[in-house]
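A closer look at the structure
Each chain, letter by letter, is given below.
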Amino acid sequence: MATLPPSSSIAGSSAVGRSRPDPPSLFLRSTAPLRLSVARPAVSARLYSSRPSSGANGSVGEPYPGGGEELQYGLPTPPRLAGGIPVFVTLPVDAVGLAGQMSRRKTMAASFMALAAAGVEGVVVEAWWGIVERDAPGAYNWAGYIDLVNLAQRFGLKVRMIMAFHQCGSGPGDPCWFPLPQWVLKEIEVNPDLQHSDRFGRRSKEYISLGCDVLPVLKGRTPIQAYSDFMRSFRDTFKGFLGIIITEVQIGMGPGGDLRYPSCPSEKLMQPRSGPELGEFQCYDKYMLASLNACAQGVGKSAWGNGGPLGAGNLFQNPEETSFFKSDGSWNTAYGEFFLEWYSGMLLKHGERLCIAADAIFWGFGMKVLAKIAGIHWHYSTNSHPSELTAGYYNTLIRDGYLPIAHMFSRYRMILCCACFDMRDAEVEQVNPDGSPEGVLRQLVRAARMCNLSLTGENSVTRLDDMSLQQVVRSSRFCRENLYGGHPLSFNFVRMNKNMFDSHNWTRFTRFVRQMSDARTFQARLDFGASEQLCLASASPSEDSGRALIFKRLLPCQLRLCSPCA
């Protein structure tokens, strides 16, 4: 049975049980469109790159003589942070099923036992809006998640809970299918403009349109009010765990939980080595068009308010073959600046509304609050960065699109979560010569440093090969060296599956966790030509293999046999 400890039974719960009142006027009226124009600072941010840095975004430069490349700002070098980097593991998307119950209880318990014995800090779980508030507005069912949190407490694991307000999967036949709440889908059937739409009329059900954020389109509530009520229900239900077992909460802000538009399906982001897509501007539902038209009228250019840019090309077209995205295209004209500022400004306003709500709801409960930016890198080395523009990031050769987002997160004490920790430019260039995941990560770290913002990392692809895991160590080392002292850095492995517990994969993963957790890994420049020497305090291969088999067979002696690695 799902049980919660009384708040009074946990030391300090009364001290942290204070929260500021939710500002009642934040979600009742819209504000003027944000007019942000942030020039790219003349700095160079260069990671230990797997290929010579080149292209846009200040990434041109000579390698650092020591074998890597260093971040140059003309700013004081940040002090080194002590300690290792804790590793979290994201649970399967169906850890709680559509019926609201925890899935595969015995297997989940054995997996938690194995993760705890391997030294993992905690688990990450999506709290799906479509499960918790499935049938009726205001009717919340947290039973399956209470069971998961109790299980994590039993094995000494911390929990990061993701407020997942998006759809998962491509349709009912997808084993990872988690739609929006049924009552929301009924509202969408009545009013299809609640969905984002592109110029071809294709609608996305992944996330409710940003254009109706402050309109009472969900049975008398605005989408922001619905998200806020969900977060408030979570806070009240798990009050006895907050800050103790549930130490982090991540706010979903768009498709896949990222702050972005559904310019391309989220499944695309799960396959970052596939062919690059330009994406489509998501501004053709009536609410987005009304906002665009009003903004155009406000600057005396009514013709600019009829829709998105012409000449944006097709999904897989070369950007240089389009009139908008090519190097000297209309993205860099007065019209392009107007449209892209409005488009990215709508995304920023949406993110800020959720930041304000989360800050009001979770302040005083001792938890870290996170938000995520997608790692969209497919055309990063071009001048216009088309795939980032269509996703809502106004990031080009001459403009830093991530700095305003980082500044917004910093104002509300958020932590920036970013992907691409596991990806190398040299791998991606085989299918996408213009892509640069390392370049995206460099720029995000630079923005975090300039805004004094904490950061946490994720992998983009579920891989357990040595090359991918060592790239995570490289990326973590780079972040640790270039963020100011006092800001914690953690890493989230996405995600746990049955292949993780295969003998060879589990051996590599447990070695990786020990390496990340050991402070000595980050105290000297790493020599990745001798990666085996970095596996400090590692058990022998035979011991690791035996341990993996024991976990896989779910024997009752798991903890006793594996305690040396805990």
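Just so it is clear, the model here is predicted, and its values are computed rather than measured.

Quick look at the overall build of the chain
- Each helix and strand in the chain was counted, giving 16 helices and ten strands.
- Every one of the 566 residues in the chain was classed for burial, and the buried ones make up 60%.
- Here the analysis covers contacts within the chain between residues at least 6 apart in sequence; of these, 78% occur between residues at least 24 apart.
- Surface exposure of the chain reaches about 21200 Å², of which carbon and sulfur atoms provide 55%.

Here we look at the state of the cysteines
- Inspection of every chain in the model, using the stated rule, returns zero disulfides.
- No disulfide involves cysteine 417; its sulfur sits 6.6 Å from the nearest other cysteine sulfur, which is in cysteine 418.
- Of all cysteine sulfurs in the structure, the one in cysteine 418 sits closest to cysteine 479, which takes part in no disulfide; the separation is 6.1 Å.

What to know about helix α13 (residues 466–482)
- The first and last C-alpha atoms of α13 sit 24 Å apart over 17 residues, in line with the 24 Å expected at 1.5 Å per residue.
- A large share of α13 lies buried, amounting to 14 of its 17 residues.

Some words on the pairing of strand β2 (residues 122–128)
- Of all the seven residues making up β2, seven are buried; the element is thus mostly covered by neighbouring parts of the structure.
- Side-chain alternation along β2 places Gly122, Val124, Glu126 and Trp128 on one buried face and Val123, Val125 and Ala127 on a second face that is also buried.
- Pairing of strand β1 (residues 87–90) with β2 involves three bridges; the strand directions are parallel. Of the residues in β2, the one forming a bridge with threonine 90 is valine 124.

Observations concerning the sheet that holds strand β6 (residues 246–251)
- With respect to topology, eight strands assemble into a closed barrel ordered β1-β2-β3-β6-β7-β8-β9-β10, the strand pairing being parallel. Shown here is a sheet whose adjacent strand axes are inclined to one another by a mean of 30°, direction ignored.
- As paired elements, strand β8 (residues 415–418) and strand β9 (residues 454–458) share four bridges and run parallel to each other. Residue pairing for β9: cysteine 418 is matched across the bridge by glycine 457.
- Lying on the sheet, helix α12 (residues 437–450) is in contact with β7 (368–373), β8 and β9; it crosses β8 at an angle near 180°.

Some details on the layout of surface pockets
- Here the second largest pocket is characterised by a volume of approximately 310 Å³.
- Contributing to the lining of the second largest pocket are 20 residues, with Arg203, Ser204, Pro262, Cys264 and Pro265 lying nearest its centre.
- When its residues are assigned to classes, the lining of the second largest pocket shows five nonpolar, seven polar and eight charged.

Comments concerning the packing of aromatic side chains
- Evaluation of the coordinates by the stated rule reveals 33 aromatic pairs.
- For the ring pair phenylalanine 281 and tyrosine 343, a centre distance of 5.2 Å and an interplane angle of 80° mean the geometry is edge-to-face. With phenylalanine 281 in the loop between α6 (266–269) and α7 (286–298) and tyrosine 343 in helix α8 (residues 334–362), this pair connects stretches of sequence that are 62 residues apart. Each member of the pair, phenylalanine 281 as well as tyrosine 343, is classed as buried.
- Pairwise contacts between aromatic rings join Trp129, Tyr140, Trp142, Tyr145, Phe165, Trp183, Tyr207, Tyr227, Phe230, Phe234, Phe238 and Phe362 into one cluster.

Some words on the nonpolar core
- Core analysis: the biggest nonpolar cluster contains 148 residues, and Trp129, Tyr145, Ile251, Phe409 and Phe509 have the highest contact counts within it.
- With residues near it in sequence (within four places) discarded, tryptophan 129 still touches Arg134, Ala164, Phe165, Leu180, Pro181, Trp183, Val184, Ile208, Leu218, Ala226, Tyr227 and Phe230.

A few points about the pattern of salt bridges
- Applying the stated criterion across every chain, the model contains 26 salt bridges.
- Of the charged contacts in the structure, one is a salt bridge between arginine 104 and aspartate 94, with a shortest N-O distance of 3.2 Å. On the criterion of sequence distance, the pair formed by arginine 104 in the loop between β1 and α1 (105–118) and aspartate 94 in the loop between β1 and α1 is long-range, its members being ten residues apart.
- Residue glutamate 187 is joined to lysine 219 by a salt bridge in which the shortest nitrogen-to-oxygen separation is 3.2 Å. Here glutamate 187 is found in helix α4 (residues 182–190), whereas its partner lysine 219 is found in the loop between β5 (203–208) and α5 (223–237), with 32 residues between them in sequence.
- Accessibility expressed as a relative area gives 19% for glutamate 187, which makes it buried.
- By sharing partners, the salt bridges in this structure join Glu133, Arg221, Asp229 and Arg232 into a single network.

Regarding the confidence of the model for the chain
- Averaged over every residue, the pLDDT of the chain is 80; the share at 70 or more is 74%.
- Throughout residues 6–81 the model reports pLDDT below 50, and contacts reaching past four residues in sequence, or to other chains, amount to 190 contacts.
- Segment residues 524–566: pLDDT under 50, and 71 contacts once partners within four positions in sequence are set aside and those in other chains are kept.

Description of α12
- The terminal C-alpha atoms of α12, which comprises 14 residues, lie 20 Å apart, in line with the 20 Å expected from a rise of 1.5 Å per residue.
- Within α12, 13 of the 14 residues are buried, leaving the element largely enclosed by the surrounding structure.
- Within two residues after α12, asparagine 452 carries a phi angle of roughly 55°, on the positive side.

Reading the values: rules and limits
Residues numbered from 1 in each chain as written. Predicted model: local features only at pLDDT ≥ 70, side-chain atom pairs only at ≥ 80, totals over all residues. Heavy atoms only, no water. Helix = DSSP H or I, 4+ residues; strand = E, 2+ residues; numbered from the N terminus. Buried < 20%, exposed > 50% of the residue type's maximum accessible area, 1.4 Å probe, protein only. Contact = heavy atoms within 4.5 Å. Areas by Shrake-Rupley, 256 points an atom, 1.4 Å probe, with all protein chains shown as cover. Disulfide = S-S within 2.5 Å. Expected span 1.5 Å × (residues − 1). Pairing = 2+ DSSP bridges. Axes fitted to C-alpha atoms, helices over the stretch in contact; angles between N-to-C directions. 1 Å grid on protein atoms, 1.4 Å probe; cavity = no way out; pocket = protein on both sides within 12 Å on 5 of 7 lines; lining within 4 Å. Points joined across faces, edges and corners; volume = space filled by probe spheres on them. Nonpolar A, V, L, I, M, F, W, Y, C, P; charged D, E, K, R; others polar. Phe/Tyr/Trp six-rings, centres within 6.5 Å; stacked < 30°, edge-to-face > 60°. Core = buried A, V, L, I, M, F, W, Y, C linked by side-chain atoms within 4.5 Å. Salt bridge = Lys/Arg side-chain N within 4 Å of Asp/Glu carboxyl O. pLDDT = per-residue confidence, 0-100.

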